[in-house]
Amino acid sequence: MPSLHGYHGGYLRIDVSNGRVEFVQLSAAVLRRYLGGVGLGVHLMLRERAAECEALSAAAPLAFVFSPLVGGPLTTSAKFAVVHKSPLTDRLNDSLASSGFAISGKKTGADALVLHGAAASLSVLVLDGRRAVLEPATELAGVSAREAEAALLKKYGRDFSAAVIGPAGERGVRYATISHSGRHAGRGGAGAVLGAKNIKAVLVRGERRCTWSNPSSLTALAKELSVKSWGPATAKYRELGTASNLLAFNRLGALPTRNFQAGSFAGAVDLSPETLEADRKKTRQSCVACTIGCEHIYPVKAQNSGDAPNDKPNDTVRLEYENLFALGPLCGVRDADSVLAASRLCDELGIDTVSAGGTIAFAMECVERQLLDAPWLRFGDGSAVLKALELIGRREGLGDQLAAGSRRLAERIGQGALEFAPQVKGLEIPGYEPRALQTMALGFAVGSRGADHNRSGAYEADFSEQADRRALSPKSAPLAVETEDRAALIDSLILCKFLRGVFTDFHSEIAHILQNTTGWEISPDELRETARRIVSAKKLFNQQAGWSPSEDTLPQRFLQTPLSDDPRASLSASSLQAAIVAYNQTRGWSPEGWLPRRAVDEIMADANE
Amino acid sequence: MNVKVELFGVPRARAGVSQVDLEFPDDQTSLGEVLTALVRMFPNLAGECILEAGLASGYTANRDGEAFVRDVGAKILDGQSLLIMSADAGG
């Protein structure tokens, strides 16, 4: 194989039942067609026949995927994707995170690590270069990801990086995360998949570095991008963080409240970053190799759920819009200290805040409707949220049902509960009210991993003159496609989406970066085609896993009931269906969403190479 | 005529207020005129949130919580609210 720049040219296939490692070569053509991150991850899942596996079985593969930019000089490029079949949705899942794990993992000498099998007992996978050792980890059972990571780095050395699961991952909570340096590959249950393999943590280090095609030009481009990243396009993230959405969304009636029963919340001001930072000492942090610094860290006061007091009064938590919305307005909670404590508890347990908040809010409405016998679980009660989270983490009592997510809970309850379970394909809906942001509603409905604001940025159209945010039309379909394609590229390179506003000509600038990294003469049009291929590959995975067109929809609540506090925010099943057909046709798929034979053959030829 | 301007996020931080009432002599005005008046009142908005040509690229405006507008010629009527916020709704 001719020398590759930016890549090692293959992945490590690791059987965690015995520690056996195999280096599997990837052709330059495949790397060029899927890039890295999410794109390469879905290719690996197709290659490894993951769609056929039960998500929590030993046979199910889980991939940590790096990218050509990892280890290079570009800001925000220390990222990796975790790709697998989701135990929450039974469809493709790809979650992203930033940390030194990406840099250390790539230095093992591989473009991805694909884990198979299951260890006999709770273990740590120690990957030193391309050599793997399984070490017992029974002493870490039930330990939080943060504490386990600290203990492991102390034991093995700080030249390792760790990806760790918390108690929720060990116990199979279907929306458990994989944590590293306090950040999470959060959505879709990667932590449960690792837990099913009896792997508490993956430790990585190595010394293999990739070359860059044109290091001096790449360094110059990196400096230019860093300077842009300090500019006005990212000021929102630096100054207030993602939580700055809260008051604007509330004003627009787009802030999901009380399990999507309303679009505005009377307590929003109490939870806004403007209020929080007025009487709390906030600090800021950045991910590894990031010049934006979007992390806003707040102190957490001791809280008592009634079951177990929080005995860590000096704790802090990163405050993001999604945990704020999901554990606050969605559950009707306006007490900021409760929301911060709940968010911190999710970190400790290792669970996705959006799915946790969504499932708890759904259960609260079920209690309100007398469909669920848990009188303590009421909207507005922050201590009830904490108690529910603790039960989820232990999978005790009601917590065992909540640990399965809102769709499974609704199916268990029956009596029409599925109509107001806040999920698409089983993934709980993030903090964008679909009736108030209807291009986003389309993005949610067609998303390959379910309701997802990171793989579809269709809200951008709703926040522009291009679309009427409360009147979905087939004309919005190309806008949704465009943002989804752009996300597929960003997630495959991988760069932070918060940079997207700094590019003047996104595809040309990305092509230039990739040329200087890999040496490939890549055109903007080739990148557009690559993005479409990656989105189609995700769809193909889902089709292999049993997808049917009826999955591409929203719960009946959103299609039958206008928002209670904004009657004009109304979305009909027929307008959503017309937009979905337009979306599918824009992609070149059948009106129902099936891939054409030619596309299937092309993608599977890559997978079978 | 009166226009209520509501500021969110960075524009609010720069101006130091969450909202302001502006008066204009005619019975309708434009987005551009409102932005000019805002900069006169809150010079910190200039350069970052509001440029001479209109809103900076990372920002958007919304009339009465309804339609988003960026065209400086967009009409603003008596009694309307104009919301100024980040155009990037990602979280």
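Note that the structure is a prediction, hence the values are computed from the model and not measured. (Residues numbered from 1 in each chain as written. Chains lettered and ligands numbered in written order. Predicted model: local features only at pLDDT ≥ 70, side-chain atom pairs only at ≥ 80, totals over all residues. Heavy atoms only, no water.)

S.K.: What's the story with the pattern of salt bridges in this structure? I'm lost.
M.R.: Think of it this way: side chains of opposite charge can pair up when their charged atoms draw near. All names here are of chain B. Applying the stated criterion across every chain, the model contains 52 salt bridges over all chains. In this structure, Arg14 engages Glu48 in a salt bridge whose closest nitrogen and oxygen atoms are separated by 2.8 Å. Residue Arg14 is found in helix α1 (residues 10-15), and its partner Glu48 is found in the loop between α2 (31-41) and β4 (50-51); the two are separated by 34 residues along the sequence. We classify Arg14 as partly exposed; its relative accessible area is 21%. (Salt bridge = Lys/Arg side-chain N within 4 Å of Asp/Glu carboxyl O. Helix = DSSP H or I, 4+ residues; strand = E, 2+ residues; numbered from the N terminus. Buried < 20%, exposed > 50% of the residue type's maximum accessible area, 1.4 Å probe, protein only.)

S.K.: Got a minute to help me understand the interface of chain B and chain A in this structure?
M.R.: It is common to give the size of an interface as the accessible area lost on bringing the parts into contact. Chain B puts 27 residues into the contact, and the matching count from chain A is 27 residues. It is Phe68, Ala89 and Gly91 of chain B in chain B that bury the most area against chain A; as a group they hold 28% of the surface buried on that side. Our count for the chain B to chain A interface comes out at five salt bridges. Of the charged contacts, one joins Glu239 of chain A and Arg14 of chain B as a salt bridge, the two residues approaching to 2.3 Å between their closest N and O atoms. The tally of links between chain B and chain A comes to 14 residue pairs in polar contact (both at pLDDT 80 or more). If you list the elements that add at least two residues to the side of chain B that touches chain A, you get α1, β6 (59-63), β7 (67-69) and β9 (81-86) of chain B. Its residues assigned to classes, the side of chain B that touches chain A comprises ten nonpolar, eight polar and nine charged. (Contact = heavy atoms within 4.5 Å. Buried area = accessible area lost by both parts, 1.4 Å probe. Polar contact = N/O pair within 3.5 Å; in protein donor to acceptor, adjacent residues only side chain to side chain. Nonpolar A, V, L, I, M, F, W, Y, C, P; charged D, E, K, R; others polar.)

S.K.: Looking at this model, I keep getting lost on helix α17 (residues 406-413) of chain A. Mind explaining?
M.R.: Side chains three or four residues apart in an α-helix point the same way, a direct result of the helix having 3.6 residues per turn. Residue and element names in this part refer to chain A. Of the residues making up α17, those classed as buried are Ser406, Arg407, Leu409, Ala410 and Ile413. Angular distribution of buried residues about the axis of α17 spans 165°; they occupy a single face of the element. Note on α17: the residue one or two positions beyond its end, Gly414, has a positive phi of about 65°. (Arc of directions from axis to C-beta.)

S.K.: Before we go on, may I ask you to explain the pairing of strand β2 (residues 20-25) of chain A in this structure?
M.R.: Within a regular strand, side chains alternate between the sheet's two faces. Residues and elements named next belong to chain A. Pairing analysis gives six bridges linking strand β1 (residues 10-15) to β2, with the strands arranged antiparallel. Across the sheet, the residue bridging to Tyr11 is Val24, located in β2. Hairpin geometry of β1 and β2 is characterised by an intervening segment of four residues between the two adjacent antiparallel strands and by a positive phi of about 80° at Gly19. (Pairing = 2+ DSSP bridges.)

S.K.: Sorry, what's going on with the domain arrangement of chain A here?
M.R.: All names here are of chain A. Once the domains are mapped, chain A shows domain 1 (10-205), domain 2 (230-428) and domain 3 (440-607). For domain 1 versus domain 3, the distance between C-alpha centres works out to 26 Å. Counting residues at the interface gives 40 residues for domain 1 and 39 residues for domain 3. For the pairing of domain 1 and domain 3, the buried interface totals around 3,500 Å² over both sides, and the portion due to carbon and sulfur atoms is 63%. Scanning the region where domain 1 abuts domain 3 turns up six salt bridges. (Domains from an automatic or database assignment.)

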